[in-house]
Amino acid sequence: MWADGRRYMSLSHEEKLKRIREVAMTVREPRNAQEIAESADVAPNTARKYLRQLVETNQLATAERGRETVYYPDPTTQRFDQIRELIEEHSKQELVDELEGIESEIEEWKAEYGVNSPDELRASISGEPEEKRRSRLHDAEDWEYFEHQSEMIRYAVMLYDTVEEDRKGYGDLAADA
């Protein structure tokens, strides 16, 4: 920032909000307004203003860390956004097919390693050669990811027909106009 603050002033409202949203929505750990402002290259007061708006629209959540408020992506909104994206980008049959593929892969890991969960697989690495340990840890990470994806796909499949009916209903309203 220039000493007189002109750099912050030169950004449009939309550009400031965009920068703050991009930083705040990609944090791995909750961050305070000052940290987000610095990363977004905006004034701290501007960051606080837009961060409050993002909280009000459920894009961000907050927590208290000591005497400060920290911000992080709202996990519920992220979950529903992911489900919506699955419905919008795939047919119901594609989702069902993907779910079957994921379940098949998990069953293969269970049979191959003789375990029932990613944590059991991690616990089984003791005494194994380095390459096998790495392979098992990698498979455990994939397994957890697949379980998460499986959960999201299940929700998308359950909601698919309802969402499609809603879209069709609103499409009919647009045609009537």
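Description of the structure in this document. The shown structure was predicted, so the numbers you read here are calculated from the model rather than taken from an experiment. (Residues numbered from 1 in each chain as written. Predicted model: local features only at pLDDT ≥ 70, side-chain atom pairs only at ≥ 80, totals over all residues. Heavy atoms only, no water.)

1. Focus on the packing of aromatic side chains
Heads up, the condition is: Each Phe, Tyr or Trp ring (for Trp, its six-membered ring) is paired with any other whose centre lies within 6.5 Å, and the angle between the two planes then decides the class: stacked below 30 degrees, edge-to-face above 60, tilted in between. Helical segments are the DSSP runs of H or I of at least four residues, strand segments are the runs of E of at least two, and each set is numbered from the N terminus. The rule is simple: take the accessible area with a 1.4 Å probe, protein chains only, and divide by the maximum for that residue type; under 20% is buried, over 50% is exposed, in between is partly exposed.
All told, the structure shown has three aromatic pairs when counted by the stated rule. Relative to F146, the ring of W109 lies with its centre 5.6 Å away and its plane at 40°, an arrangement referred to as tilted. Of the two residues, W109 is situated in helix α6 (residues 92-113) and F146 in helix α8 (residues 130-176); the sequence distance between them amounts to 37 residues. Judged by its relative accessible area of 23%, F146 falls in the partly exposed class. Between the aromatic rings of Y145 and F146, the centroid separation amounts to 6.2 Å while the plane-to-plane angle is 50°, which identifies the pairing as tilted.

2. Here's the deal with the side chain of R136
Note the following rule: Polar contacts, as counted here, are pairs of nitrogen or oxygen atoms within 3.5 Å of one another; within protein the pair requires one atom able to donate a hydrogen and one able to accept it, and residues that are adjacent in sequence qualify only if both atoms are side-chain atoms. In what follows, a contact means two residues having at least one pair of non-hydrogen atoms within 4.5 Å.
The residue R136 is located in helix α8 in this model. Assessed through its relative accessible area of 13%, R136 is described here as buried. A polar contact of 2.7 Å, which involves the side chain of R136, links it to the side chain of S124. With sequence-adjacent residues up to four places away left out, R136 is seen in contact with Y113, L121, S124, I125 and E128.

3. Digging into the pattern of salt bridges
The following threshold applies: Just to be clear on terms, a salt bridge is a Lys or Arg side-chain nitrogen sitting within 4 Å of an Asp or Glu carboxyl oxygen.
Scanning the entire structure with this criterion turns up 18 salt bridges. In this structure, the salt-bridge partner of E88 is R84, at a minimum N-O distance of 2.9 Å. Of this pair, E88 and R84 both sit in helix α5 (residues 75-89), four residues apart, roughly one helical turn. Beyond isolated ion pairs, a larger network of salt bridges with shared partners links R84, E88, E164 and R167.

4. Notes on helix α3 (residues 33-40)
Counted only if it meets this: Note that the arc is defined by the directions from the helix axis to the C-beta atoms.
Residues of α3 that are buried: A33, I36, A37 and A40. Seen along its axis, α3 keeps its buried residues to an arc of 100°; they face one direction. On its buried face, α3 is in contact with α2 (13-24), β1 (31-32), α4 (44-56) and β3 (68-73). The opening residue of α3, the one whose side-chain oxygen lies 3.0 Å from the backbone nitrogen of Q34, is N32. Phi turns positive, to about 60°, at D41, one or two residues after α3.

5. What to know about the sheet that holds strand β2 (residues 60-65)
What counts, and what does not: Two strands qualify as a pair provided DSSP detects at least 2 bridges between them.
With respect to topology, three strands assemble into an open sheet ordered β1-β3-β2, the strand pairing being antiparallel. Two strands in the sheet have a free side with no partner beyond their single neighbour: β1 and β2. Relative to β3, β2 is paired through six bridges, and the arrangement is antiparallel. Across the sheet, the residue bridging to T62 is Y71, located in β3.

6. Comments concerning the side chain of D139
What counts here: In this tally, Asp and Glu contribute negative charge and Lys and Arg positive charge; neither His nor the terminal groups of the chain are included.
Mapped onto the elements of the fold, D139 is located in helix α8. No salt bridge is formed by the buried D139; the nearest opposite charge belongs to R136, separated by 7.5 Å. Non-local contacts of D139, meaning those with residues more than four positions away in its chain, are made with W109, Y113 and L121.

7. Some points on a nonpolar patch on the surface
Just so we agree on the cut-off: Residues qualify for a patch when their relative accessible area is over 30% and they have no salt bridge, like charges being joined within 9 Å and the nonpolar side chains of Val, Leu, Ile, Met, Phe, Trp and Tyr within 5 Å. Per-residue and other accessible areas follow the Shrake-Rupley method at a 1.4 Å probe size, with only the shown protein chains counted as cover for residues.
Among the surface-exposed residues, Y155, M158 and L159 lie close enough to one another that they form a single nonpolar patch of about 290 Å² accessible area. Turning to its location among the elements, M158 is positioned in helix α8.

8. What about the pairing of β3?
In this sheet, β3 lies alongside β1 in antiparallel orientation, the contact comprising two bridges. Looking at the pairing, R31 lines up with Y71 of β3.

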